[in-house]
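Architecture at a glance
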Amino acid sequence: MDENMQDGSDVLEGIAFVGETLGPFFLQDPKTGEAGAAFQALAALDVDAAAAEWPFAGEAEARACLALMKEGLAHGIEDDDLVWEYRRLFVGPAPKPAPPWGSVYTDRECVVFGESTLALRAWMRAQGIARLVDDKTPEDHIGLMLVLMAWIARNQPADLDDYLRLHLLPWSSHFLDELAEAAKQPFYEGLARLAKASLEGIQSERALDVAYPRFYR
């Protein structure tokens, strides 16, 4: 990890950067969503320079992941392969090969709005953290959880470690491995791998002891 990440405020800034940068790519359709500027910036990225500065992930892994993501955007953000891969992975209507909600993996019945979702909702309420979306959207969508990680790092950093240890890290690596395996388009393979490397680097930086659940999927 970059030596500049050692200071506490820099660590929090790095965590916020990871969440704010990667979260929208899980949430937004490349063609019709609200992250067009982020996709365009990634398409124009200097991969070597960005990998050298990317927090928490090793430089070689960051370079490989960012290169995959840039490759996946080579034909533009309206490219059919990119757009339909997003919809196949995150929208449907066909069954998703790697559903983006935590409870699908940790609940015995493999359902959305499972026990882990409700536990996250209760924790957020107890910490006075408002929902980012409507009541009909599960809070444990990976994109929402990355964006929320960034918000907590900036606004309620005292709650960050519990959020990571109890709610995000127990399932994120398992899901992101599944997503990287399922992805047929390099952008989303690279995104899954970079998110996993970054979150595992944050876990190491924060020295978090995570209890991993049994995975039912």
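Above: the structure in question.
Everything quoted here is computed from the prediction, not taken from an experiment. (Residues numbered from 1 in each chain as written. Predicted model: local features only at pLDDT ≥ 70, side-chain atom pairs only at ≥ 80, totals over all residues. Heavy atoms only, no water.)

Focus on the nonpolar core
Note that soluble globular proteins tend to have their nonpolar side chains buried in a common cluster. Formed by 65 residues in total, the largest nonpolar core has its most connected members in M149, Y163, F187 and Y188. It is helix α9 (residues 160-182) that provides the largest number of residues to this core, a total of eleven residues. In this view, M149 contacts I15, V18, G19, L160, Y163, L164, L168, L199 and I202; residues no more than four positions away in its chain are not counted. (Core = buried A, V, L, I, M, F, W, Y, C linked by side-chain atoms within 4.5 Å. Buried < 20%, exposed > 50% of the residue type's maximum accessible area, 1.4 Å probe, protein only. Helix = DSSP H or I, 4+ residues; strand = E, 2+ residues; numbered from the N terminus. Contact = heavy atoms within 4.5 Å.)

A few points about the side chain of H167
Note on placement: H167 falls in helix α9. H167 gets classed as buried once you look at its relative accessible area, which sits at 12%. Not counting residues up to four positions away in its chain, the partners in contact with H167 are A119, L120, W123, M145 and D162.

Describing the pattern of salt bridges
Following the criterion strictly, the structure yields 14 salt bridges and no others. Between D177 and K196 there is a salt bridge, with its nearest N and O atoms 2.8 Å apart. Of the two residues, D177 sits in helix α9 while K196 sits in helix α10 (residues 186-206), which places them 19 residues apart along the sequence. Given a relative accessible area of 21%, K196 falls into the partly exposed group. Connected through salt bridges with shared partners, the residues E13, E20 and R154 form a single ionic network. (Salt bridge = Lys/Arg side-chain N within 4 Å of Asp/Glu carboxyl O.)

So, the environment of R206
Structurally, the position occupied by R206 is in helix α10. Taking the C-alpha atoms as reference, R206 lies 24 Å from R125; in sequence the two are 81 residues apart. The contact partners of R206, leaving out residues within four places of it in the chain, are V11, L12, I15, P157, L160 and D161.

Points about the layout of surface pockets
Over the atoms rolls a probe the size of a water molecule, and in doing so it shows where empty space is left. The space that makes up the largest pocket amounts to roughly 270 Å³. T106, E115, S116, T117 and P213 are the residues nearest the centre of the largest pocket, which is lined by 16 residues in total. Element by element, the count of residues in the lining of the largest pocket is highest for helix α7 (residues 115-126), at five residues. Around the second largest pocket, the lining is made up of 15 residues, and of these F17, T21, L42, L45 and W54 lie nearest the centre. Within the residue set of the lining of the second largest pocket, elements represented by two or more residues are α1 (8-27), α2 (36-43), α3 (47-53) and α4 (59-72). Element by element, the count of residues in the lining of the second largest pocket is highest for α1, at four residues. Classifying every residue of the lining of the second largest pocket by side-chain character gives 13 nonpolar, one polar and one charged. (1 Å grid on protein atoms, 1.4 Å probe; cavity = no way out; pocket = protein on both sides within 12 Å on 5 of 7 lines; lining within 4 Å. Points joined across faces, edges and corners; volume = space filled by probe spheres on them. Nonpolar A, V, L, I, M, F, W, Y, C, P; charged D, E, K, R; others polar.)

Quick word on α10
If you check α10, its first and last C-alpha atoms are 30 Å apart, about what 21 residues at 1.5 Å a residue would give, namely 30 Å. Positive phi shows up at A207, right after α10, with a value of about 55 degrees. (Expected span 1.5 Å × (residues − 1).)

With respect to unusual backbone geometry
G92 connects to P93 through a cis peptide bond whose omega is 15 degrees. A positive phi angle, close to 75 degrees, is found at F56, a residue other than glycine.

Quick word on the packing of aromatic side chains
A ring pair, where both rings are aromatic, is described by two values, the distance of the centres and the angle of the planes. Applying the stated criterion across every chain, the model contains 13 aromatic pairs. Pairing W171 with F175 gives two aromatic rings, centres 5.6 Å apart and planes at 50 degrees, and the pair type is tilted. One end of the pair is W171 and the other is F175, both in helix α9 and four residues apart, which spans about a single turn. Judged on exposure class, the residue W171 and its partner F175 are both buried. Following the ring pairs from residue to residue traces out a cluster consisting of F25, F26, F39, Y86, F90, F187 and Y188. The aromatic ring of W84 is capped on one face by R87, whose charged end is 5.1 Å from the ring centroid. (Phe/Tyr/Trp six-rings, centres within 6.5 Å; stacked < 30°, edge-to-face > 60°. Lys NZ or Arg CZ within 6 Å of the ring centre and 35° of its normal.)

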